[in-house]
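Results of the structural survey
Residues per chain are reported as follows:
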Amino acid sequence: MSYSTADSFRPVTLDDVRGAQKMLSGVARVTAMEGSRHLSQMVGAPVHLKCENLQRTGSFKLRGAYVRIAGLLPEERAAGVVAASAGNHAQGVALASALLGVRSTVFMPKGAPLPKVSATRDYGAEVRLHGQVVDETLAAAQEYAAETGAVFIHPFDHPDIIAGQGTVGLEILEQCPEARTILVGIGGGGLAAGIAVAVKSLRPDVRVVGVQAAGAAAYPPSLAAGRPVSVENPATMADGIKVGRPGDVPFGIVGELVDEVRTVSEDELSAALLLCLERAKLVVEPAGASPVAALLSEPGAFEGPVVAVLSGGNVDPVLMERVLRHGMAAQGRYLAVRLRLTDRPGALATLLGALSVVDANVLDVSHVRTDPRLGLTEAEVELHLETKGPAHCVEVGQALREAGYTVIG
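Residues numbered from 1 in each chain as written. Predicted model: local features only at pLDDT ≥ 70, side-chain atom pairs only at ≥ 80, totals over all residues. Heavy atoms only, no water.

Once that is clear, we can look at the overall build of the protein chain. Of the regular secondary structure elements, the protein chain holds 16 helices and 14 strands. The C-alpha extent of the protein chain, read off along each of the three principal axes, is 80 × 50 × 40 Å. Relative to its 409 residues, the protein chain shows a buried fraction of 55%. When the accessible area of the protein chain is evaluated, it comes to approximately 17000 Å², of which 51% is carbon and sulfur surface. Charge-centre separation for the protein chain: the mean point of 36 positive side chains lies 2 Å from the mean point of 44 negative side chains. (Helix = DSSP H or I, 4+ residues; strand = E, 2+ residues; numbered from the N terminus. Buried < 20%, exposed > 50% of the residue type's maximum accessible area, 1.4 Å probe, protein only. Areas by Shrake-Rupley, 256 points an atom, 1.4 Å probe, with all protein chains shown as cover. Lys, Arg positive; Asp, Glu negative; His and termini not counted. Charge placed at Lys NZ, Arg CZ, Asp CG, Glu CD.)

The next subject is the sheet that holds strand S1 (residues 33-35). Judged by pairing direction, the sheet is mixed, and its six strands sit side by side in the order S1-S2-S10-S7-S8-S9 without closing on themselves. The sheet is open, and its two edges are formed by S1 and strand S9 (260-264), each paired on a single side. Across the sheet, the mean angle from the axis of one strand to that of its neighbour is 25 degrees, orientation sign disregarded. Two elements, strand S8 (residues 207-213) and S9, share five bridges in a ladder whose sense is parallel. (Pairing = 2+ DSSP bridges. Axes fitted to C-alpha atoms, helices over the stretch in contact; angles between N-to-C directions.)

On to the sheet that holds strand S11 (residues 334-342). An order of S12-S13-S11-S14 is seen for the four strands of this open sheet, with the pairing classed as antiparallel. The outermost strands of the open sheet, each flanked by one partner alone, are strand S12 (361-368) and strand S14 (406-407). As paired elements, S11 and strand S13 (residues 378-386) share nine bridges and run antiparallel to each other. Looking at the pairing, Tyr 334 lines up with Glu 386 of S13. Helix-sheet contacts for helix H15 (residues 347-357) involve S11, S12 and S13, and the interaxial angle to S13 is about 30 degrees. (Contact = heavy atoms within 4.5 Å.)

Attention now moves to the state of the cysteines. Taken as a whole and assessed by the stated rule, the structure comprises zero disulfides. No disulfide involves Cys 51; its sulfur sits 8.7 Å from the nearest other cysteine sulfur, which is in Cys 276. For Cys 276, a relative accessible area of 1% puts it in the buried group. (Disulfide = S-S within 2.5 Å.)

Bringing the packing of helix H1 (residues 14-24) against helix H8 (residues 159-175) into the picture now. Axis separation between H1 and H8 bottoms out at 8 Å; the angle between their running directions is 90 degrees. In this view, H1 runs roughly perpendicular relative to H8, as classed from their interaxial angle. Contacts between H1 and H8 involve Leu 14, Asp 16, Val 17, Arg 18, Ala 20, Gln 21 and Leu 24 on the former and, on the latter, Ala 163, Gly 164, Gly 166, Thr 167, Leu 170, Glu 171 and Glu 174. By residue class, the composition of the contact of H1 with H8 is six nonpolar, four polar and four charged. (Parallel < 35°, antiparallel > 145°, perpendicular 65-115°, else oblique. Nonpolar A, V, L, I, M, F, W, Y, C, P; charged D, E, K, R; others polar.)

With that out of the way, let us pick up the side chain of Thr 120. On the secondary structure map, Thr 120 appears in helix H6 (residues 114-122). Not counting residues up to four positions away in its chain, the partners in contact with Thr 120 are Ala 90, Gln 91, Ala 94, Val 106, Met 108, Ala 125 and Val 127.

The end-to-end C-alpha distance of helix H12 (residues 266-279), which contains 14 residues, comes to 20 Å, matching closely the 20 Å that a straight helix rising 1.5 Å per residue would cover. Three or more residues of H12 are buried, namely Leu 269, Ser 270, Ala 271, Ala 272, Leu 273, Leu 274, Leu 275 and Cys 276. After H12 finishes, the residue Lys 281 shows a positive phi value of roughly 60 degrees. (Expected span 1.5 Å × (residues − 1).)

Interaxial distance between H1 and helix H3 (residues 61-70) falls to 10 Å at its minimum, and their mutual angle equals 95 degrees. When the axis of H1 is compared with that of H3, the two are roughly perpendicular. Judged by residue contacts, Ala 20, Met 23 and Leu 24 of H1 engage Arg 63, Tyr 66, Val 67 and Ala 70 from H3. Counted by class, the contact of H1 with H3 contains six nonpolar, no polar and one charged residues.

Further remarks concern the pairing of strand S5 (residues 126-129). Across four bridges, strand S4 (residues 104-108) lies against S5 in parallel orientation. Bridge assignment links Thr 105 to a residue of S5, and that residue is Glu 126.

Next up on the list: unusual backbone geometry. Between Gly 304 and the following residue, Pro 305, the backbone shows a cis peptide bond with an omega angle of -5 degrees. In this structure, Pro 305 sits in the loop between helix H13 (290-297) and strand S10 (306-310). We note that Thr 57 has phi near 70 degrees; this positive angle belongs to a residue other than glycine.

Without other data, these values stay purely geometric and don't point to any function.
In structure tokens:
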């Protein structure tokens, strides 16, 4: 495959995806397909997890980046490449460029997580921190391309990128030929489009379902309008699919070949990430967990066997901690309560004793004794508790009330 940058809007075919698979042999891993007994019981049919979170660089992005850069003309390679990304695409471009001997420059937002910035540098890219949001970073990268002649490597809006990502679909059919439904997260649409081209060409009976975060769901209104439209101020913890507008190239493919696009809430994303960690022993980022979130949202909606594509595992440890707490709270396993008590010796110990009776594990205590809102003899306590589920949360609240405490938040 050798295409110039002017060839951006050619169709993506099964032959393109097969060519990409040959090109990626020995470069990208054929990632594992793991069964999930817990999800299978929930869905009532076999559920398999396609573990792209275990791919080199921690996500599927290496596939498309490598195929795109390998397809450049010699003079384009000599000019180097440039990309803009907050994480996964940055690392994919950096490693692909290093493997192909091409100079790479990657623009990342100033607030990008340090582990992702360090990994991108370690893979060999020159990292430039610019802007507070990805749109500003993207503009800077495109300006750099115009000034230097470097080739801009788009994260999803190019046929070579889509062909590379489509190799995930070929592997799914090889590893699980009996699959009836494939769930895949959608941001700009490159991965979903590539999988749809591969799968629908060989198995048109397989249902391909895209999953978006509700706070950044540009595809449903775009599909309704028949053209890509923008979502203002997309907001979601799933930064891997936090894209305000579908790509022009993947949009046409998704509209033609993807059977349905669903949305999931932040609570469902948190619960899915927690489930992957606890039940499957897999570290998955929120975007990568979106197909599992769709299963949790409506488990009876999908014909099995089901394959859920875990697209990436590059989650910042700080975000992981917040998401896990959020997921535990959504499942009734984490409870924050605030109450007032009489400020006297032993009052806090008495409160903690009341909680120990109902087996609530205290994770954190904030004890405020001096505040203009408090009376002369009052103190305010905020407790973070580990609980055993919704019923246990109710039991804890009832125990506090029976002990004479008034919960105020």
